[in-house]
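Notes for the structure review
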Amino acid sequence: HRPGRDCYGAIIQSNYYHYSNFVGDNFWTAPIVLIVIGSIIFVVACFGCCGAAKESPCMIITFSIFLALVFLAEIGIGIAGYYKHEELSGILEKGFNKTLDSYATDKGAQEAWNLVQSEMVCCGIKGPEDWEPIYKNDTVPRACCHRMPVGVNKCTREYASTEGCFSKLSSYLGSKSLILAGIGIGLAIVQLIAVLLACCLYGSFRRQYETV
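Residues numbered from 1 in each chain as written. Predicted model: local features only at pLDDT ≥ 70, side-chain atom pairs only at ≥ 80, totals over all residues. Heavy atoms only, no water.

As recorded in an unreviewed UniProt entry, the chain goes by the name Tetraspanin, listed as coming from Anopheles stephensi. Under Subcellular location (unreviewed entry), UniProt gives the following word-for-word description of the chain: "Membrane". (UniProt positions renumbered as here; feature names shortened; annotations may be inferred.)

Quick notes on the overall build of the chain
Of the regular secondary structure elements, the chain holds 7 helices and 0 strands. Overall, the chain shows an N-to-C arrangement of helices and strands of α-α-α-α-α-α-α. Among the 212 residues that make up the chain, the fraction classed as buried is 40%. In the chain, 69% of the contacts between residues at least 6 apart in sequence involve partners at least 24 apart. Element-wise, carbon and sulfur atoms account for 62% of the exposed surface of the chain, whose accessible area totals about 11500 Å². (Helix = DSSP H or I, 4+ residues; strand = E, 2+ residues; numbered from the N terminus. Buried < 20%, exposed > 50% of the residue type's maximum accessible area, 1.4 Å probe, protein only. Contact = heavy atoms within 4.5 Å. Areas by Shrake-Rupley, 256 points an atom, 1.4 Å probe, with all protein chains shown as cover.)

Describing the state of the cysteines
Counted by the stated rule, this structure contains 3 disulfides. Covalent S-S linkage joins C123 and C144, the inter-sulfur distance amounting to 2.2 Å. Measuring the twist about the S-S bond at about 85 degrees, one finds the C123-C144 disulfide to be right-handed. Taken together, the residues C123 in the loop between α5 (107-120) and α6 (132-135) and C144 in the loop between α6 and α7 (165-211) connect sequence positions 21 residues apart. Residue classification places C144 among the buried positions, given a relative accessible area of 0%. Numbered in order of appearance, the disulfide-bonded cysteines of the chain are paired 1-6, 2-3, 4-5. (Disulfide = S-S within 2.5 Å.)

Considering the pattern of salt bridges
If you walk through the whole model with that rule in mind, you get 2 salt bridges. K168 is the salt-bridge partner of E163, the closest N and O atoms lying 3.9 Å from each other. For E163, a relative accessible area of 37% translates into the label partly exposed. (Salt bridge = Lys/Arg side-chain N within 4 Å of Asp/Glu carboxyl O.)

Points about a nonpolar patch on the surface
On the surface, a nonpolar cluster with roughly 400 Å² of combined accessible area is contributed by I65, F66, L69 and L72. With respect to the helices and strands, the residue I65 is situated in helix α4 (residues 57-101). (Patch = residues over 30% accessible without salt bridge, like charges linked within 9 Å, V, L, I, M, F, W, Y side chains within 5 Å.)

Observations regarding the environment of E129
Turning to its location among the elements, E129 is positioned in the loop between α5 and α6. Along the backbone, E129 and R157 are 28 residues apart, and their C-alpha atoms lie at a distance of 7.4 Å.

A closer look at the side chain of Q117
Topologically, Q117 is positioned in helix α5. Setting aside anything within four residues of it in sequence, one finds Q117 in contact with C122, C123, G124, W131, P141, A143, C144, H146 and C165.

Here's the deal with the nonpolar core
Judged by nonpolar contacts, the single largest core of 25 residues is most densely connected at F22, F96, W113, V116, W131, V140 and L169. Mapped onto this core, the elements with two or more residues apiece are α2 (20-23), α4, α5 and α7. Setting aside chain neighbours within four positions, we find F96 in contact with F22, W113, I125, C165, F166 and L169. Core analysis: the second largest hydrophobic core is formed by 9 residues, I37, I60, L67 and V70 among them. (Core = buried A, V, L, I, M, F, W, Y, C linked by side-chain atoms within 4.5 Å.)

Quick look at the environment of E158
Inspection of the secondary structure assignment puts E158 in the loop between α6 and α7. With 19 residues separating them along the chain, E158 and T139 place their C-alpha atoms 9.1 Å apart.

Here's the deal with the environment of I60
You can see I60 is positioned in helix α4. Looking at I60, the relative accessible area reads 2%, which means it is buried. Measuring from C-alpha to C-alpha, the distance between I60 and Y202 comes to 5.9 Å, with 142 residues separating the pair along the chain.

Quick look at the packing of aromatic side chains
This structure, assessed with the given rule, holds 7 aromatic pairs. Ring plane angle 80 degrees and centroid distance 5.5 Å describe the contact between F22 and W113, whose orientation is recorded as edge-to-face. Pair noted here: F22 is in helix α2 and W113 is in helix α5, with a separation of 91 residues, a long-range link. F22 sits in the buried class, given a relative accessible area of 1%. When the ring of W113 is compared with that of W131, the centres are 5.2 Å apart and the planes differ by 75 degrees; the resulting orientation is edge-to-face. Within this pair, whereas W113 is found in helix α5, its partner W131 is found in the loop between α5 and α6, the two being separated by 18 residues in sequence. (Phe/Tyr/Trp six-rings, centres within 6.5 Å; stacked < 30°, edge-to-face > 60°.)

Written out as structure tokens, the structure reads:
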């Protein structure tokens, strides 16, 4: 069992899930699948070890079939990560506009904007001027002002970050989805090698039984 698979999925899921207000829950399907596959592989690996120890062709071929299914799932994760990367800009644009429109009345949208503006060191979708329709003046959320002068308590466009959150979060999550795709494909290649080795082991056991 290689613990990295479910660890990668858990890290991605726990560290970046709070951006789901902007990208939707479907974006996080691949990390969840990665966690599930990591758990399944532990059981499959035990099965393979027992088959090798007992020199059982039946257990080895069953192990190979399970590994082949996992291989296909990991290829699917890689493809999903790539396509999510391609669709990310459109998904983010829709999510940002939706949460900005509901900001005044939706506490979840307010918390999401506070998080992204604090963590990404940004303000608004494309800049602090995006908040004018909400505040009706030059005031912006406190999360936009990361370096307030001493004695100034009101966060305005004058002190806000000039860079918008769309470009920053798009670049940030885009790199994570490509990493996820790379992990999925890389693990799939290792899995394929394991399937081929298990098939060779199966053939060796079969020849031994036929000789006996």
